[in-house]
Amino acid sequence: NESSKIVDLRIDENSIYIKCRPLDWAKSAEYITPSYMEATYSLENSLVFVSCRFVDFSGYDAVYTTQELPAFYCIEPFNSFVYYKGGELHREDNLIFWPDAGYPNFTSDEHWAAFVGENEDSFGIGLYAPNETNFLAGVYAREKTDSSNPAKAAPTSYIALVKYMTFESFKPIEYDFCLTTGNTEEIRANFSSIE
């Protein structure tokens, strides 16, 4: 129940812009980081376009490491991972917690992946990242949602685009992605309208 410090917020007819000083996720509220995170969410037809910007102003030495750009979590009942590779739909129905599984990576030739429900025509949520094909995915506490409201339960499904990069103070990092919903065919069709 602690939150980042909001610096700026703008809401327009089809977009939301937010700038914050984020918390260190592993610490309590007094640990506001020496950084800014900005995100613009824009609605267009069945798509949510997201543009992100991060600036660190700590003055720490540059470091080369991995970063999730972005990390995407959704409710665990959406626990079938789908993506296109080699012109075919691939479906992973038994993913487990990603560290326990050795951080499994999946290549999607069409730059998107999604989590959907267990049936072939189930509803789900998809993530598209321009020019990216390597997705990390898993499910935490698979099929252990013990709440009538999965949004308030701990189990979650996870997709991330993990990249190696150098973090330098005062040098912005920018990236874009897109979200949509529907069954697998609808998700694919929505994302195909981008290219």
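The structure displayed is predicted, hence computed values, not measured ones.

Inspection of every chain in the model, using the stated rule, returns 16 aromatic pairs. When the ring of Tyr73 is compared with that of Tyr158, the centres are 5.1 Å apart and the planes differ by 50 degrees; the resulting orientation is tilted. With a gap of 85 residues between them, Tyr73 in strand S5 (residues 63–75) and Tyr158 in strand S12 (residues 156–167) connect regions that are remote in the sequence. For Tyr158, a relative accessible area of 1% gives the class buried. Here Phe81 and Tyr83 contribute two aromatic rings whose centre-to-centre distance is 5.4 Å and whose plane-to-plane angle is 40 degrees, an arrangement assigned as tilted. In this structure, Phe81 and Tyr83 share a single accessibility class: buried. Note that Arg188 overlies the ring of Tyr84, its terminal NZ or CZ placed 3.7 Å from the centroid.

This brings us to unusual backbone geometry. The peptide bond linking Leu69 to Pro70 adopts the cis configuration, its omega dihedral lying at 5 degrees. The topology assignment puts Pro70 in strand S5. Located in the positive-phi region is His111, a residue other than glycine, with phi close to 70 degrees. For His111, the location among the structural elements is in the loop between strand S8 (105–107) and strand S9 (112–116). His111 sits in the buried class, given a relative accessible area of 17%. With a phi close to 65 degrees, Asn131 is a non-glycine residue in the positive phi region. As for its position among the elements, Asn131 is in the loop between strand S10 (124–128) and strand S11 (134–140).

Here we come to the pattern of salt bridges. Per the counting criterion, the structure on display carries eight salt bridges. The salt bridge involving Glu174 is made with Arg53; its shortest N-O contact spans 3.0 Å. A residue pair is termed long-range when its members are at least 10 positions apart, and Glu174 in strand S13 (residues 173–182) and Arg53 in strand S4 (residues 47–56) qualify at 121 residues. Ionic pairing is found between Glu132 and Lys163, a salt bridge with its closest N-O pair at 2.9 Å. Of this pair, Glu132 sits in the loop between S10 and S11 while Lys163 sits in strand S12, and the two are 31 residues apart along the sequence. A cluster of three or more residues bridged by salt bridges with shared partners is formed by Glu38, Arg53 and Glu174.

On to the environment of Gly102, then. Considering the arrangement of structural elements, one finds Gly102 in the loop between strand S7 (88–92) and S8. It is 10.0 Å that separates the C-alpha atoms of Gly102 and Gly138, two residues lying 36 residues apart in sequence.

Tracing the backbone shows Arg142 in the loop between S11 and S12. Judged by relative accessible area, Arg142 falls into the buried class, the value being 17%. Within the structure, the side chain of Arg142 is placed 2.3 Å from the backbone oxygen of Asp93, a separation counted as a polar contact. Polar side-chain contacts of Arg142 include one of 2.9 Å to the backbone oxygen of Leu95.

In this fold, Arg10 is placed in strand S1 (residues 5–11). Taking relative accessible area as the criterion, Arg10 reaches 43% and is therefore assigned partly exposed. When residues no more than four places from it in sequence are discounted, the contact partners of Arg10 are Ser15, Ile16 and Tyr17. Within polar-contact distance, the side chain of Arg10 engages the side chain of Asp8 at 2.9 Å.

This part is about the layout of surface pockets. If you add up the space inside the largest pocket, you get close to 1,500 Å³. Along the wall of the largest pocket there are 40 residues; nearest its centre are Pro22, Leu23, Met37, Phe54 and Gln67. Looking at which element gives the most residues to the lining of the largest pocket, the answer is S5, with nine residues. Taken together, the residues of the lining of the largest pocket sort by class into 25 nonpolar, seven polar and eight charged.

Criteria and thresholds
Residues numbered from 1 in each chain as written. Predicted model: local features only at pLDDT ≥ 70, side-chain atom pairs only at ≥ 80, totals over all residues. Heavy atoms only, no water. Phe/Tyr/Trp six-rings, centres within 6.5 Å; stacked < 30°, edge-to-face > 60°. Helix = DSSP H or I, 4+ residues; strand = E, 2+ residues; numbered from the N terminus. Buried < 20%, exposed > 50% of the residue type's maximum accessible area, 1.4 Å probe, protein only. Lys NZ or Arg CZ within 6 Å of the ring centre and 35° of its normal. Salt bridge = Lys/Arg side-chain N within 4 Å of Asp/Glu carboxyl O. Polar contact = N/O pair within 3.5 Å; in protein donor to acceptor, adjacent residues only side chain to side chain. Contact = heavy atoms within 4.5 Å. 1 Å grid on protein atoms, 1.4 Å probe; cavity = no way out; pocket = protein on both sides within 12 Å on 5 of 7 lines; lining within 4 Å. Points joined across faces, edges and corners; volume = space filled by probe spheres on them. Nonpolar A, V, L, I, M, F, W, Y, C, P; charged D, E, K, R; others polar.

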